[in-house]
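Remarks on the overall topology
Here are the chains, one letter per residue:
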Amino acid sequence: MVIIMLGAPGTGKGTVSAILKEKLEIAHVSSGDIFRKYSSEDSELGREINSYLQQGKLVPDELTIKMIKERLNEKDVEKGVILDGFPRTEAQAVALDKMLSETGKKVDLVVDLDSPKQEILDRIVTRRICQDCKAVYNTKLNKPKVEGICDKCGGKLYQRDDDTIEKVETRIEVYKKETKPLEEYYNKKGNLFEIEVTEKTGTMAKEAAEKVISKINSEL
Ligand code: ADP
Ligand code: ZN
(Lines give C-alpha, C1' and ligand atoms only; values in the text may rest on other atoms or scores of the structure.)
(Ligands and ions follow the chains in the order given, each with its own letter.)
Protein backbone atom coordinates (compact mmCIF):
# COMPACT_ATOMS: atom_id res chain seq x y z
CA MET A 1 0.00 0.00 0.00
CA VAL A 2 1.26 3.46 -0.93
CA ILE A 3 -0.18 6.44 0.94
CA ILE A 4 0.80 10.04 0.22
CA MET A 5 0.43 12.81 2.79
CA LEU A 6 -0.28 16.21 1.26
CA GLY A 7 -0.80 19.39 3.24
CA ALA A 8 0.87 22.68 4.04
CA PRO A 9 3.56 22.85 6.73
CA GLY A 10 2.10 22.52 10.21
CA THR A 11 -1.08 20.68 9.20
CA GLY A 12 0.11 17.53 10.96
CA LYS A 13 1.49 15.33 8.17
CA GLY A 14 4.29 13.98 10.33
CA THR A 15 2.12 13.31 13.37
CA VAL A 16 -0.64 11.60 11.36
CA SER A 17 2.00 9.57 9.49
CA ALA A 18 3.53 8.36 12.76
CA ILE A 19 0.13 7.11 13.98
CA LEU A 20 -0.62 5.42 10.65
CA LYS A 21 2.79 3.75 10.61
CA GLU A 22 2.00 2.04 13.94
CA LYS A 23 -1.54 1.02 12.99
CA LEU A 24 -0.83 -0.14 9.45
CA GLU A 25 2.65 -1.52 10.14
CA ILE A 26 4.16 -0.01 7.04
CA ALA A 27 7.18 2.26 6.54
CA HIS A 28 7.09 6.02 7.08
CA VAL A 29 9.34 7.97 4.74
CA SER A 30 9.65 11.68 5.52
CA SER A 31 11.55 13.63 2.87
CA GLY A 32 12.05 16.46 5.38
CA ASP A 33 13.70 14.06 7.87
CA ILE A 34 15.95 12.70 5.11
CA PHE A 35 16.98 16.20 4.09
CA ARG A 36 17.52 17.35 7.68
CA LYS A 37 19.83 14.40 8.24
CA TYR A 38 21.91 15.31 5.18
CA SER A 39 21.87 19.01 5.98
CA SER A 40 23.63 18.41 9.29
CA GLU A 41 26.52 16.68 7.51
CA ASP A 42 29.71 18.49 6.73
CA SER A 43 29.85 17.75 3.01
CA GLU A 44 29.15 19.60 -0.21
CA LEU A 45 25.79 17.84 -0.61
CA GLY A 46 24.95 18.59 3.04
CA ARG A 47 25.68 22.28 2.64
CA GLU A 48 23.71 22.48 -0.61
CA ILE A 49 20.64 20.89 0.96
CA ASN A 50 20.98 22.99 4.10
CA SER A 51 20.84 26.20 2.08
CA TYR A 52 17.43 25.26 0.64
CA LEU A 53 16.07 24.22 4.02
CA GLN A 54 17.26 27.42 5.68
CA GLN A 55 15.50 29.48 3.03
CA GLY A 56 12.29 27.46 3.25
CA LYS A 57 12.67 26.65 -0.44
CA LEU A 58 12.28 23.29 -2.13
CA VAL A 59 15.29 21.12 -2.82
CA PRO A 60 15.50 20.81 -6.64
CA ASP A 61 13.42 18.02 -8.19
CA GLU A 62 16.29 16.06 -9.68
CA LEU A 63 18.11 15.70 -6.37
CA THR A 64 14.89 15.03 -4.44
CA ILE A 65 13.74 12.34 -6.84
CA LYS A 66 17.13 10.63 -6.77
CA MET A 67 17.21 10.53 -2.97
CA ILE A 68 13.64 9.28 -2.59
CA LYS A 69 14.18 6.66 -5.26
CA GLU A 70 17.11 5.27 -3.28
CA ARG A 71 15.02 5.21 -0.11
CA LEU A 72 12.12 3.47 -1.85
CA ASN A 73 14.44 0.69 -2.95
CA GLU A 74 15.11 -0.31 0.65
CA LYS A 75 13.63 -3.50 2.00
CA ASP A 76 11.33 -2.09 4.70
CA VAL A 77 9.27 -0.27 2.06
CA GLU A 78 8.18 -3.45 0.28
CA LYS A 79 5.11 -4.01 2.47
CA GLY A 80 3.92 -0.47 2.00
CA VAL A 81 4.84 3.12 2.68
CA ILE A 82 3.50 6.42 3.92
CA LEU A 83 5.15 9.18 1.91
CA ASP A 84 5.28 12.27 4.08
CA GLY A 85 6.45 15.36 2.18
CA PHE A 86 6.98 13.72 -1.19
CA PRO A 87 5.86 14.41 -3.90
CA ARG A 88 5.77 18.19 -3.59
CA THR A 89 5.80 19.19 -7.27
CA GLU A 90 4.14 17.85 -10.37
CA ALA A 91 7.52 16.63 -11.71
CA GLN A 92 7.98 14.62 -8.49
CA ALA A 93 4.46 13.17 -8.76
CA VAL A 94 5.11 12.05 -12.34
CA ALA A 95 8.46 10.54 -11.30
CA LEU A 96 6.79 8.70 -8.42
CA ASP A 97 4.12 7.20 -10.70
CA LYS A 98 6.90 5.98 -12.96
CA MET A 99 8.95 4.49 -10.09
CA LEU A 100 5.92 2.68 -8.69
CA SER A 101 4.74 1.33 -12.03
CA GLU A 102 8.17 -0.26 -12.54
CA THR A 103 7.40 -2.56 -9.60
CA GLY A 104 3.71 -3.00 -10.36
CA LYS A 105 2.62 -0.60 -7.62
CA LYS A 106 0.53 2.55 -7.59
CA VAL A 107 -0.56 5.34 -5.28
CA ASP A 108 -3.50 3.95 -3.29
CA LEU A 109 -4.56 6.95 -1.26
CA VAL A 110 -3.66 10.63 -1.09
CA VAL A 111 -4.47 12.18 2.29
CA ASP A 112 -4.77 15.94 1.96
CA LEU A 113 -4.64 17.78 5.30
CA ASP A 114 -5.82 21.34 5.59
CA SER A 115 -5.84 23.72 8.57
CA PRO A 116 -6.72 27.37 9.20
CA LYS A 117 -3.62 29.52 8.73
CA GLN A 118 -3.63 30.88 12.28
CA GLU A 119 -3.65 27.35 13.70
CA ILE A 120 -0.74 26.45 11.40
CA LEU A 121 1.31 29.40 12.64
CA ASP A 122 0.51 28.66 16.29
CA ARG A 123 1.41 25.00 15.88
CA ILE A 124 4.67 25.64 14.03
CA VAL A 125 6.18 28.02 16.57
CA THR A 126 5.29 25.65 19.45
CA ARG A 127 6.53 22.53 17.61
CA ARG A 128 9.44 20.56 19.06
CA ILE A 129 11.17 17.54 17.50
CA CYS A 130 13.13 14.69 19.08
CA GLN A 131 16.69 14.88 17.79
CA ASP A 132 16.99 11.09 17.95
CA CYS A 133 13.70 9.43 16.89
CA LYS A 134 12.16 12.53 15.17
CA ALA A 135 8.91 12.26 17.16
CA VAL A 136 6.93 15.49 17.01
CA TYR A 137 5.70 17.34 20.12
CA ASN A 138 4.04 20.63 20.80
CA THR A 139 4.61 22.78 23.87
CA LYS A 140 0.86 23.53 24.06
CA LEU A 141 -1.15 20.75 22.44
CA ASN A 142 1.06 17.70 22.79
CA LYS A 143 3.52 18.19 25.63
CA PRO A 144 6.09 15.58 26.51
CA LYS A 145 5.83 14.19 30.07
CA VAL A 146 9.15 15.81 30.98
CA GLU A 147 9.87 19.18 29.43
CA GLY A 148 12.44 19.03 26.64
CA ILE A 149 12.70 15.22 26.69
CA CYS A 150 11.16 12.69 24.27
CA ASP A 151 8.61 10.32 25.90
CA LYS A 152 9.46 7.55 23.46
CA CYS A 153 13.25 7.44 23.53
CA GLY A 154 14.52 9.96 26.07
CA GLY A 155 16.15 12.05 23.32
CA LYS A 156 16.47 15.82 23.54
CA LEU A 157 13.76 17.95 21.93
CA TYR A 158 14.72 20.86 19.69
CA GLN A 159 13.07 23.49 17.54
CA ARG A 160 13.68 23.32 13.78
CA ASP A 161 15.64 26.25 12.33
CA ASP A 162 12.92 26.78 9.73
CA ASP A 163 10.08 26.83 12.29
CA THR A 164 10.01 30.60 12.60
CA ILE A 165 7.09 32.83 11.55
CA GLU A 166 9.04 34.36 8.62
CA LYS A 167 10.20 31.02 7.24
CA VAL A 168 6.79 29.44 7.67
CA GLU A 169 5.24 32.25 5.63
CA THR A 170 7.70 31.44 2.83
CA ARG A 171 7.02 27.71 3.12
CA ILE A 172 3.26 28.28 2.94
CA GLU A 173 3.71 30.38 -0.22
CA VAL A 174 5.93 27.70 -1.77
CA TYR A 175 3.30 25.13 -0.84
CA LYS A 176 0.51 27.07 -2.55
CA LYS A 177 2.51 27.59 -5.70
CA GLU A 178 4.29 24.25 -6.12
CA THR A 179 2.38 21.61 -4.18
CA LYS A 180 -1.27 22.68 -4.05
CA PRO A 181 -1.72 21.87 -7.78
CA LEU A 182 -1.13 18.22 -6.86
CA GLU A 183 -4.61 18.16 -5.30
CA GLU A 184 -6.01 18.44 -8.81
CA TYR A 185 -3.47 15.93 -10.14
CA TYR A 186 -4.67 13.27 -7.69
CA ASN A 187 -8.30 14.33 -7.65
CA LYS A 188 -8.44 13.50 -11.36
CA LYS A 189 -7.12 10.05 -10.57
CA GLY A 190 -9.86 9.74 -7.94
CA ASN A 191 -7.79 8.97 -4.86
CA LEU A 192 -7.75 12.30 -3.03
CA PHE A 193 -9.08 12.23 0.55
CA GLU A 194 -9.37 15.65 2.17
CA ILE A 195 -9.40 16.15 5.93
CA GLU A 196 -9.73 19.42 7.79
CA VAL A 197 -7.46 19.40 10.85
CA THR A 198 -8.76 22.02 13.23
CA GLU A 199 -9.34 22.79 16.87
CA LYS A 200 -12.77 24.13 15.89
CA THR A 201 -14.23 20.66 15.41
CA GLY A 202 -11.65 18.86 17.55
CA THR A 203 -10.36 17.02 14.49
CA MET A 204 -6.68 16.83 15.31
CA ALA A 205 -3.97 14.36 14.23
CA LYS A 206 -5.44 11.39 16.12
CA GLU A 207 -8.94 11.89 14.69
CA ALA A 208 -7.51 12.48 11.21
CA ALA A 209 -5.59 9.19 11.42
CA GLU A 210 -8.79 7.41 12.49
CA LYS A 211 -10.58 8.79 9.44
CA VAL A 212 -7.81 7.49 7.20
CA ILE A 213 -8.01 4.03 8.79
CA SER A 214 -11.78 3.81 8.30
CA LYS A 215 -11.43 4.99 4.72
CA ILE A 216 -8.87 2.24 4.08
CA ASN A 217 -10.99 -0.40 5.81
CA SER A 218 -14.09 0.53 3.86
CA GLU A 219 -12.61 1.13 0.43
CA LEU A 220 -9.16 -0.38 -0.07
P1 ADP B 1 7.03 21.04 6.41
O2 ADP B 1 5.99 20.23 5.70
O3 ADP B 1 6.70 21.32 7.83
O4 ADP B 1 7.44 22.27 5.66
P5 ADP B 1 9.17 19.03 5.88
O6 ADP B 1 9.93 18.44 7.01
O7 ADP B 1 8.27 18.15 5.11
O8 ADP B 1 8.39 20.25 6.54
O9 ADP B 1 10.18 19.74 4.86
C10 ADP B 1 11.19 20.61 5.31
C11 ADP B 1 11.98 21.15 4.15
O12 ADP B 1 12.62 20.07 3.44
C13 ADP B 1 11.19 21.89 3.07
O14 ADP B 1 10.98 23.24 3.40
C15 ADP B 1 12.09 21.70 1.85
O16 ADP B 1 13.19 22.59 1.89
C17 ADP B 1 12.63 20.30 2.04
N18 ADP B 1 11.79 19.28 1.38
C19 ADP B 1 11.08 18.29 1.99
N20 ADP B 1 10.45 17.51 1.10
C21 ADP B 1 10.76 18.01 -0.13
C22 ADP B 1 10.41 17.65 -1.46
N23 ADP B 1 9.59 16.61 -1.72
N24 ADP B 1 10.92 18.38 -2.47
C25 ADP B 1 11.74 19.43 -2.24
N26 ADP B 1 12.10 19.82 -1.01
C27 ADP B 1 11.62 19.13 0.05
ZN1 ZN C 1 12.64 10.34 20.58
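Up top is the structure.
Residues numbered from 1 in each chain as written. Chains lettered and ligands numbered in written order. Predicted model: local features only at pLDDT ≥ 70, side-chain atom pairs only at ≥ 80, totals over all residues. Heavy atoms only, no water.

**Looking at the site of ligand 1**
The test is simple: Whether a residue is near a molecule or strand is decided by its heavy atoms; if any one of them lies within 4 Å of it, the residue is near. We define a polar contact as two N or O atoms separated by no more than 3.5 Å, with the added condition that, inside protein, one atom must be a possible hydrogen donor and the other a possible acceptor, whereas residues neighbouring each other in sequence contribute only through side-chain atom pairs. Secondary structure elements are defined from DSSP: runs of H or I of at least 4 residues count as helices, runs of E of at least 2 residues count as strands, and each element is numbered from the N terminus. As a working rule, the residues Ala, Val, Leu, Ile, Met, Phe, Trp, Tyr, Cys and Pro are called nonpolar, Asp, Glu, Lys and Arg charged, and the rest polar, with Gly in that last group.
Around ligand 1 sit 18 residues, and of these Lys13, Ser31, Lys57, Gly85 and Arg171 come closest. The contact in question runs from an oxygen atom of ligand 1 to an N or O atom on the side chain of arginine 171, over 2.8 Å. Element by element, the count of residues in the shell around ligand 1 is highest for helix H2 (residues 31-39), at 4 residues. Partitioned by chemical class, the residues of the shell around ligand 1 number 6 nonpolar, 5 polar and 7 charged.

**Remarks on the coordination of the zinc ion (ligand 2)**
Expected angles at a metal are 109.5 degrees for tetrahedral coordination by four donors and either 90 or 180 degrees for octahedral coordination by six donors. Note the cut-off: Only nitrogen, oxygen and sulfur atoms qualify as donors, and only when within 2.8 Å of the metal (3.2 Å in the case of Na, K and Ca); with water excluded, sites may look incomplete. By the criteria applied here, four donors are tetrahedral when all angles lie between 85 and 135 degrees, four are square planar and six octahedral when opposite donors are over 155 degrees apart and every other angle lies between 65 and 115, and any other arrangement is irregular. Type-normalised accessible area, obtained with a 1.4 Å probe on protein chains alone, sets the label of each residue: buried when under 20%, exposed when over 50%, and partly exposed for intermediate values.
The coordination sphere of the zinc ion (ligand 2) contains the protein donors Cys130 (SG), Cys133 (SG), Cys150 (SG) and Cys153 (SG), at a distance range of 2.3 to 2.4 Å. Coordination geometry of the zinc ion (ligand 2): the 4 donor atoms subtend angles of 97 to 117 degrees at the metal centre, consistent with an arrangement described as tetrahedral. The sequence pattern formed by the donor residues of the zinc ion (ligand 2) is C-x2-C-x16-C-x2-C. Here cysteine 130 is found in strand S5 (residues 127-130), whereas its partner cysteine 153 is found in the loop between strand S6 (136-138) and strand S7 (157-158), with 23 residues between them in sequence. Exposure remark for cysteine 130: the relative accessible area of 0% places this residue in the buried category. Under the relative-accessibility criterion, cysteine 153 is labelled partly exposed at 39%.

**Looking at the nonpolar core**
Condition: Among buried residues, the Ala, Val, Leu, Ile, Met, Phe, Trp, Tyr and Cys ones that are joined through side-chain atoms within 4.5 Å form a nonpolar core. Contacts between residues were defined by any pair of non-hydrogen atoms, one from each residue, lying within 4.5 Å.
Ranked by size, the top nonpolar core spans 37 residues in total, and within it Ile4, Leu6, Leu72, Val81, Leu83, Leu96 and Tyr186 carry the most contacts. Excluding its chain neighbours within four sequence positions, the residues that come into contact with isoleucine 4 are Leu83, Phe86, Pro87, Leu96, Val107, Leu109, Val110, Val111 and Tyr186.

**Considerations on the packing of aromatic side chains**
Inclusion rule: Only rings of Phe, Tyr and Trp enter the pairing, Trp through its six-membered ring, and a pair is recorded when the two centres are within 6.5 Å. The plane angle decides the type: under 30 degrees is stacked, over 60 is edge-to-face, the rest tilted.
Per the stated rule, a full pass over the model turns up 1 aromatic pair. Ring geometry for tyrosine 185 versus tyrosine 186: centroids 4.9 Å apart, planes at 85 degrees, classification edge-to-face. Among the residues examined, tyrosine 186 registers a relative accessible area of 0% and is labelled buried.

**Quick word on unusual backbone geometry**
Of note, the bond from phenylalanine 86 into proline 87 is cis; its omega dihedral lies within 30 degrees of zero at 0 degrees. Its identity is not glycine, yet glutamate 25 carries a phi of approximately 55 degrees, on the positive side. Summarising the element assignment, glutamate 25 is placed in the loop between helix H1 (13-24) and strand S2 (27-30). Residue classification places glutamate 25 among the exposed positions, given a relative accessible area of 56%. In this model, lysine 134 sits at a positive phi of 70 degrees, which is unusual for a non-glycine residue. Relative to the helices and strands, lysine 134 resides in the loop between S5 and S6.

**Notes on the sheet that holds S2**
The condition that has to hold: At least two bridges found by DSSP between two strands is the condition for calling them paired. Interaxial angle, 0 to 180 degrees, is taken between N-to-C directions of lines fitted to C-alpha atoms, where a helix line uses only the stretch in contact.
In space, the 5 strands of this open sheet follow the order S2-S3-S1-S4-S8, with parallel pairing throughout. If you trace the sheet from one side to the other, it starts and ends with S2 and strand S8 (192-196), each paired once. Averaged over neighbouring strand pairs, the angle between their axes works out to 20 degrees when direction is ignored. As paired elements, S2 and strand S3 (residues 81-84) share 4 bridges and run parallel to each other. Along S3, the bridge assignment pairs serine 30 with aspartate 84. Against the sheet, helix H9 (residues 205-219) touches strand S1 (2-7), strand S4 (109-114) and S8, its axis set at about 150 degrees to S8.

So far we have only geometry, and geometry alone does not tell us how the molecule works.
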